[in-house]
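Inside the fold
This is what each chain is made of:
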Amino acid sequence: MKQLLVSAKGLVKRYGSRAVVNDIHLEVNHGEILALIGPNGAGKSTTVELLVGLRLPNSGEVTYWHKNYQKHIGVQLQSPPFFPGLNSLENLRFFAALYKKNLTRHEGESILQVCGLSEVMHTDASRLSGGQQKRLAIAISMVHRPELLFLDEPTAALDPRSRLEIHSLIRKLAEQGVSIVLTSHDMDEVSKLSDRVAMINAGRIVAQGQPSEVCATYQVESLEDVYLHLTNKEEVTC
Ligand SMILES: Nc1ncnc2c1ncn2[C@@H]1O[C@H](COP(=O)(O)OP(=O)(O)OP(=O)(O)O)[C@@H](O)[C@H]1O
């Protein structure tokens, strides 16, 4: 039986008179990779921020499987979270301390190894490449061994190899039982990686289900076709 980790009901987030998230109902189940997709400005990041409790909704509610759910989730937002002046390992240690976790050198090295950062363990975070910075952000989000990870555009602006490395990291984490919610603009990536997708357009979920189910519903070959069918060019902001 599916274990429900997060349940969002009727989420609305307004900025001024505009609802950027508009009546979103969403569930996250244990063991799944759920992808939130949709055009620029559709409300994906805001939805993630509401789900993790960084922003409060104007209406609706989110319930979690743990009372102290913050201890059990990891979050990678779009802006890098680390401190220049500290190297990769020191950054990891710093964030572990925020979780009141005493990270041993071995634990730190093993997280960096999983994230493909062993070689830059002692490199100042500001000197890492874009792909390495993204991986460090993911490493930091898993420093307290969360059960559920939220990754906001983990592969944006990465070269194909770095993108594939992050895919394999996400798969590895999923195999270890970590549940994952990610956002992406790459329909091919989403089709290959995710168990379920929720397509958001102008703050509303317009399609939801397994990628193959969603394609079957609209009788098209690919998620990209569904995306083009359901998202409105006028809603896209640059
Ligand atoms: N603090 C804020 N104040 C006012 N408007 C905001 C704020 N944060 C987000 N918005 C607006 O809310 C809308 C949704 O933004 P959001 O970042 O959630 O979209 P997104 O789907 O993640 O976009 P992208 O794919 O470009 O990252 C956008 O129009 C954005 O300008």
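Residues numbered from 1 in each chain as written. Predicted model: local features only at pLDDT ≥ 70, side-chain atom pairs only at ≥ 80, totals over all residues.

1. A look at the environment of S191
Within the secondary structure layout, S191 lies in helix 6 (residues 187–193). C-alpha separation for the pair S191 and T47, spaced 144 residues apart in sequence, amounts to 21 Å. (Helix = DSSP H or I, 4+ residues; strand = E, 2+ residues; numbered from the N terminus.)

2. Looking at the UniProt feature "domain: ABC transporter" (unreviewed entry) in the chain
Here, the residues flagged by UniProt with the feature "domain: ABC transporter" (unreviewed entry) are residues 6–227. End-to-end, the C-alpha atoms of residues 6–227 are 25 Å apart, and along that stretch the chain is 34% helix and 27% strand. (UniProt positions renumbered as here; feature names shortened; annotations may be inferred.)

3. What to know about the site of the ligand
Taken together, 11 residues surround the ligand, and among them V20, N40, K44, S45 and T46 come closest. Sort the elements by how many residues they give to the shell around the ligand and helix 1 (residues 44–51) lands first, with 3 residues. Of the residues contributing to the shell around the ligand, the split by class is 3 nonpolar, 7 polar and 1 charged. (Near = placed C-beta within 6 Å. Nonpolar A, V, L, I, M, F, W, Y, C, P; charged D, E, K, R; others polar.)

4. Examining the nonpolar core
Ranked by internal contacts, the top residues of the largest apolar core, which has 61 residues, are A35, A139, F150 and M199. If sequence neighbours within four positions are ignored, M199 has contacts with I37, G38, I205, V206, A207, V226, Y227 and L230. (Core = buried A, V, L, I, M, F, W, Y, C linked by C-beta atoms within 7 Å. Buried ≥ 20, exposed ≤ 12 C-beta atoms within 10 Å, placed from the backbone. Contact = placed C-beta atoms within 7 Å.)

5. Things to note about helix 5 (residues 160–175)
The end-to-end C-alpha separation of helix 5 is 22 Å, in line with the 22 Å expected for 16 residues at 1.5 Å each. Taken together, the buried positions of helix 5 are occupied by I166, L169, I170 and L173. Looking down the long axis of helix 5, one finds its buried residues gathered within 100 degrees of arc, a one-sided arrangement. Facing away from the buried surface of helix 5 by more than 90 degrees, the exposed residues are P160, R161, S168, K172 and E175. Those residues of helix 5 that are buried are in contact with strand 3 (33–37), helix 3 (105–114), helix 4 (130–141), strand 6 (148–152), strand 7 (179–184) and helix 6. Looking at the residues trailing helix 5, positive phi occurs at G177, about 95 degrees. (Expected span 1.5 Å × (residues − 1). Arc of directions from axis to C-beta.)

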